[in-house]
Amino acid sequence: MTAPRPGTRARDPSPGARAADAPAPTPTPMVVEQSSLGHASDARSGTTRPGTGHRPIRPWTVVTLVAVLAAAGILLATREPARPDVQYVDWYTGALATAPGAPDGPLQQRWSSPVPRDRELVGVDVVARTVVVVTRPRLGTGSGGAPEGSVVATGHDPVDGASVWRRTIDETRPAVVVLDDDQPVLVANMGDDGAVADRFVWDRTSVVALDPTDGTTRWRHDFPDGDGTVRVRPDGAVVLGDGGGVAEVDGGTGNQVLAWQAVTGPDGAPPRYARRYEHGWAVPVATGWQVADLDGAVEFTAPEADGPPHVDETLAVVRSGTELVAHERPTGAIAWRVDLGGEVRWLEQVTSTTPTPSSWLVGVRGAGDDPPTMDPVLVRDGRVVDGSGPASALGEVTGARMGVVVDDRPLTLCRRLDTGAGGSRPACPDQLALLDADDGVQARQPSVGTSDLDPSLTWQATDLGVLTIEGEVVRLSSWTGLSEVWTIPLERPILRPVRVATDAIGVAVARNDVGPARVTWYG
């Protein structure tokens, strides 16, 4: 990626060539169970009273008016209450993100369609009331086991699955983004290993942003070395990276906002790259790392940093040998430092929906161990604290706990994990529980089943409740008492992560794990 000098804004507002927009084909109905999502067919006078100039008032008019007013009163009285305003802590960025909508239920299957056996699902989502499906050639169909051919994106009417547009991208590894009112949604979200990632993909040849109404290209950026990363942040920014550096582009237009060049590490170390956080940037320089605000203005340099500082709203925390050092923003003054007695190898901030002291989960390499161990240590406001309780950070980063805000009320969801899930995990009072800001139990759901998959892949927040993906069922439990809203029984147990995309109008379940890949819509 060609980038201007660090911190400068690009003169060229377009980071990539704008692709030609193909006209949308005329929709034709999809024949359920016979068509293929990867290769879907495209188509689809009274009298007036003397001297007044007014019509006479007739008796039936009065009756009709009374009936209309009565009906309006009934509708107002029975109108569905407003949906709750729900946000959740995004596991990747630590920022609050708006939860997607979910249908009220009960649900029933409306249509289901397989993907051709020589293709597999790359991603599925519901954007602007359109079910967007992305497929590519199945792994192993090209030379060296790699896929060979084009990625196909199709938009479908959720009512009957009819194809309303189809777009072919002559690449096998593009990141496909669809814009929902200029907010980017990463639709190519199912990885090669089966993992589902809502906001981050890597090893991409380009990123293509499509219009949800007709599939035309809104903007595009190519990675010259064919090995780019794409991060879609909750605030709508898209962060692109490749061997040349890192750039932030506007998610709605693709216009470049900021760019930072990669910096060669000392003594032949690998290049270092800038990293964007919710409240600022960590930027590599020859003498260490700089901390900058979201506009690129540099605040200070942390010369002792072993890796990129973790930048939050008030602090920039860095690793330095066996120490963890916190610098105040914007002055760079040291707020606190703690020696952990072993090499600090990794650092993650513990995110929360409640105002708590800053907490950090630190990987410390034990000294003298053979082979060396990696012990997680919880540091809270500059002090090492016990990390084994229900309020510990360990659950936050492993997926056993999820922070949510429901109508301005901060809450925490927790799940009880199988003992074989690995790692040191905090306790949860039931299979699924809803906790208040003090970890008091507000509701519990003992009937929620478990899964052998990583917990971060088997649950997600919606506006009407928490959706859990269990062994043979998808379940929605409400924010009020965790009562069951609806369930979707699955034909076969889940063997690999599945993609479940929700919207107020229905639910799409996409599976690559059994037989031909398939997308099924419930509404």
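Residues numbered from 1 in each chain as written. Predicted model: local features only at pLDDT ≥ 70, side-chain atom pairs only at ≥ 80, totals over all residues. Heavy atoms only, no water.

The next subject is the overall build of the protein chain. In terms of regular secondary structure, the protein chain is built from 2 helices and 39 strands. If you sum the accessible surface of the protein chain, you get close to 24000 Å²; carbon and sulfur atoms cover 51% of it. (Helix = DSSP H or I, 4+ residues; strand = E, 2+ residues; numbered from the N terminus. Areas by Shrake-Rupley, 256 points an atom, 1.4 Å probe, with all protein chains shown as cover.)

Moving on, we come to the packing of aromatic side chains. The full count for this structure, using the stated rule, is 2 aromatic pairs. Residues Phe 200 and Trp 202 carry aromatic rings whose centres are separated by 5.5 Å and whose planes lie at 40 degrees to one another, so their mutual orientation is tilted. Centroid distance Trp 260 to Trp 281: 5.9 Å. Interplanar angle 50 degrees. Geometry classified as tilted. Of this pair, Trp 260 sits in strand S16 (residues 256–261) while Trp 281 sits in strand S18 (residues 281–285), and the two are 21 residues apart along the sequence. Across the pair, exposure class does not vary: Trp 260 and Trp 281 are buried alike. (Phe/Tyr/Trp six-rings, centres within 6.5 Å; stacked < 30°, edge-to-face > 60°. Buried < 20%, exposed > 50% of the residue type's maximum accessible area, 1.4 Å probe, protein only.)

It is worth spelling out the nonpolar core at this point. In terms of nonpolar packing, the biggest core is built from 18 residues, with Val 404, Leu 413 and Trp 479 touching the most fellow members. Sequence-distant contacts of Leu 413, that is, excluding residues within four places in its chain, are made with Ala 400, Arg 401, Met 402, Val 404, Leu 432, Ala 433, Leu 434, Trp 459, Val 466, Trp 479 and Leu 482. Grouped together as the second largest cluster of nonpolar side chains are 16 residues, Ala 102, Leu 107, Val 507 and Val 509 included. (Core = buried A, V, L, I, M, F, W, Y, C linked by side-chain atoms within 4.5 Å. Contact = heavy atoms within 4.5 Å.)

The strand order across the open sheet formed by 6 strands is S2-S1-S29-S30-S31-S32, and the pairing between neighbours is antiparallel. Two strands lie at the open edges of the sheet, namely strand S2 (96–98) and strand S32 (441–444), each paired on one side alone. The sheet shows a mean angle of 30 degrees between the axes of neighbouring strands, direction not considered. Judged from the 3 bridges that link them, strand S1 (residues 86–89) and S2 form a sheet pairing that is antiparallel. Residue pairing across strands places Tyr 88 opposite Ala 97, the latter belonging to S2. (Pairing = 2+ DSSP bridges. Axes fitted to C-alpha atoms, helices over the stretch in contact; angles between N-to-C directions.)

Let's shift gears to the confidence of the model for the protein chain. Residues of the protein chain with pLDDT of at least 70 account for 71%, and the chain-wide mean is 78. This model gives residues 38–57 a pLDDT under 50, and the stretch forms 45 contacts once residues within four places in sequence are excluded. (pLDDT = per-residue confidence, 0-100.)

Of all 5 residues in strand S34 (residues 465–469), 5 are buried; the element is thus mostly enclosed. As paired strands, strand S33 (residues 459–461) and S34 are joined by 3 bridges and run antiparallel to one another. By the bridge assignment for S34, Ala 461 is matched with Val 466. The antiparallel pairing of S33 with S34 creates a hairpin that spans 3 residues between the two strands.

The next point concerns the sheet that holds strand S6 (residues 151–156). Here 4 strands make up an open sheet; going across it, the order is S4-S5-S6-S7 and the pairing antiparallel. The strands lining the two open edges of the sheet, one partner per strand, are strand S4 (119–127) and strand S7 (163–169). Looking at each pair of strands side by side, their axes are set apart by 15 degrees on average, direction ignored. Here strand S5 (residues 130–137) pairs with S6 via 5 bridges, running antiparallel. Among the inter-strand pairings, Val 134 is bridged to a residue of S6, identified as Ala 153.

Enumeration over the complete set of coordinates arrives at 18 salt bridges. For Arg 83, the salt bridge goes to Asp 463, with nearest N and O atoms at 2.9 Å. Remark: Asp 463 occurs in the loop between S33 and S34 and Arg 83 occurs in the loop between helix H1 (59–78) and S1; sequence separation between them is 380 residues. When its relative accessible area of 29% is taken as the criterion, Arg 83 is described as partly exposed. Residue Glu 120 is joined to Arg 136 by a salt bridge in which the shortest nitrogen-to-oxygen separation is 3.1 Å. Residue Glu 120 is located in strand S4, and its partner Arg 136 is located in strand S5; the two are separated by 16 residues in the primary sequence. (Salt bridge = Lys/Arg side-chain N within 4 Å of Asp/Glu carboxyl O.)

This next bit is on the pairing of strand S19 (residues 288–292). The element S19 is largely enclosed, with a buried count of 5 among its 5 residues. Hairpin connection between S18 and S19: a loop of 2 residues separates the two successive antiparallel strands. Between S19 and strand S20 (residues 298–302), which pair antiparallel in sequence order, lie 5 residues; one of them, Gly 296, sits at a positive phi of approximately 95 degrees.

Our next topic: the environment of Ala 97. Examined against the element boundaries, Ala 97 turns out to sit in strand S2. With a relative accessible area of 1%, Ala 97 lands in the buried category. The contacts of Ala 97, once residues within four sequence positions are left out, are Val 86, Gln 87, Tyr 88, Arg 199 and Pro 234.

We now examine unusual backbone geometry. Note the cis peptide between Gly 105 and Pro 106, where omega equals -5 degrees. Note on placement: Pro 106 falls in the loop between S2 and strand S3 (109–114). Following Arg 329, the chain continues to Pro 330 via a peptide bond in cis, the omega torsion being 5 degrees. Along the chain, Pro 330 falls in the loop between strand S23 (323–328) and strand S24 (334–339).

It is worth spelling out the environment of Arg 492 at this point. With respect to the helices and strands, Arg 492 occurs in the loop between strand S36 (484–489) and strand S37 (499–503). Looking at Arg 492, the relative accessible area reads 45%, which means it is partly exposed. Between the C-alpha atoms of Arg 492 and Gly 471, which are 21 residues apart in sequence, the distance is 8.6 Å.

The next thing to look at is the side chain of Ser 112. Residue placement: Ser 112 occurs in strand S3. The exposure class assigned to Ser 112 is buried, which follows from its relative accessible area of 3%. Looking at Ser 112, its side chain comes within polar contact range of the side chain of Arg 518, at 3.1 Å. Of note is the side chain of Ser 112, whose polar atom sits 2.9 Å from the side chain of Thr 520. (Polar contact = N/O pair within 3.5 Å; in protein donor to acceptor, adjacent residues only side chain to side chain.)

A few words now on the side chain of Arg 204. Among the structural elements, Arg 204 can be located in strand S10 (residues 200–204). Only 3.0 Å separates the side chain of Arg 204 from the backbone oxygen of Trp 202, close enough to count as a polar contact. Discounting residues that sit within four places of it in the chain, Arg 204 has contacts with Arg 173, Pro 174, Ala 175, Phe 223, Gly 226, Asp 227 and Gly 228.

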